[in-house]
Amino acid sequence: MATATSLLNFSSTTKPFLLQPSPRHQKNHQALPLRRRAAAAATYKVTIEHEGTARTIEVGPEETILGRALEEGLSVPHDCKLGVCMTCPARLLAGEVDQSEGMLSDDVVERGYALLCASYPRSDCHIRTIPEDELLSLQLATAND
């Protein structure tokens, strides 16, 4: 019986390598009500205003607005994609996002500001990109309070 001789040479294996969910994950997935599974697969319409133009894209609840925008070819400001550098600021004009992974203070979030790289839609949204300085001055002002 032939076996793989190294991690880089799989040509001598005898069985095809198939990825399948573990029984635990498969059991949990099947236990979800059909309505909940359908909701998990839903997408939201997110309208992004940037540099005088607006474009609506569909974003899933488990993907960031920035990630989808870039995949759709939108040229929006960004850098670290981790919610730390604040180069992808926006104003949430309508809708709801989860940005609990971002570094904005709670009071700045409550005022309707968001970082696109840390924003996961929770409803249809309307967002306008803003200058980085606007958000930085607000975030720094609240940090000194």
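Residues numbered from 1 in each chain as written. Predicted model: local features only at pLDDT ≥ 70, side-chain atom pairs only at ≥ 80, totals over all residues. Heavy atoms only, no water.

K.L.:
Even after reading the chapter, I still don't get the nonpolar core, so can you show me in this structure?
P.N.:
As a rule of thumb, soluble globular proteins bury nonpolar side chains together. With 25 residues, the main nonpolar core has V46, I48, I65 and L135 as its most contacted residues. When contributions to this core are tallied by element, the ones reaching two or more residues are β1 (44-50), β2 (53-59), α3 (65-71), β5 (113-115), β7 (125-129) and α5 (132-143). For this core, the leading source of residues is α3, giving three residues. Not counting residues within four places of it along the chain, the set of residues in contact with L135 comprises M86, P89, L104, V108, Y113, L115 and I130. (Core = buried A, V, L, I, M, F, W, Y, C linked by side-chain atoms within 4.5 Å. Buried < 20%, exposed > 50% of the residue type's maximum accessible area, 1.4 Å probe, protein only. Helix = DSSP H or I, 4+ residues; strand = E, 2+ residues; numbered from the N terminus. Contact = heavy atoms within 4.5 Å.)

K.L.:
Could you clarify how one ought to interpret the confidence of the model for the protein in this entry?
P.N.:
Low-pLDDT stretches of the model should not have their predicted coordinates read in fine detail. Of the residues in the protein, 68% have a pLDDT of 70 or more, and the chain-wide mean is 77. Here residues 3-20 is a poorly scored stretch, pLDDT under 50, and it has nine contacts once near neighbours within four places are set aside; other chains count. Here residues 22-38 is modelled with pLDDT under 50, and outside its nearest four sequence neighbours on either side it reaches four contacts, counting other chains as well. (pLDDT = per-residue confidence, 0-100.)

K.L.:
Teacher, can you tell me more about the sheet that holds β1 here?
P.N.:
Within a sheet, neighbouring strands are paired by backbone hydrogen bonds and run either parallel or antiparallel to one another. Reading across from one edge, β2-β1-β7-β3-β5 is the order of the five strands in this open sheet, with mixed pairing throughout. On the outer flanks of this sheet lie β2 and β5, each paired with one strand and no other. Here the average twist between neighbouring strands, direction ignored, is 35°. Pairing between β1 and β7: four bridges, direction parallel. Across the sheet, residue T47 finds its bridge partner in β7, namely H126. (Pairing = 2+ DSSP bridges. Axes fitted to C-alpha atoms, helices over the stretch in contact; angles between N-to-C directions.)

K.L.:
How should I be thinking about the pattern of salt bridges in this particular structure?
P.N.:
Opposite charge on two side chains allows them to pair when their charged atoms are near. Across all of its chains, the model carries seven salt bridges by this definition. Here E58 and K45 are joined by a salt bridge, their closest N and O atoms 3.1 Å apart. In this pair, E58 is assigned in strand β2 and K45 in strand β1, connecting sequence segments 13 residues apart. On the basis of relative accessible area, E58 is assigned to the partly exposed category, the value being 41%. Here R128 and E49 are joined by a salt bridge, their closest N and O atoms 3.0 Å apart. Here R128 is found in strand β7, whereas its partner E49 is found in strand β1, with 79 residues between them in sequence. For R128, a relative accessible area of 37% corresponds to the partly exposed category. When its relative accessible area of 21% is taken as the criterion, E49 is described as partly exposed. (Salt bridge = Lys/Arg side-chain N within 4 Å of Asp/Glu carboxyl O.)

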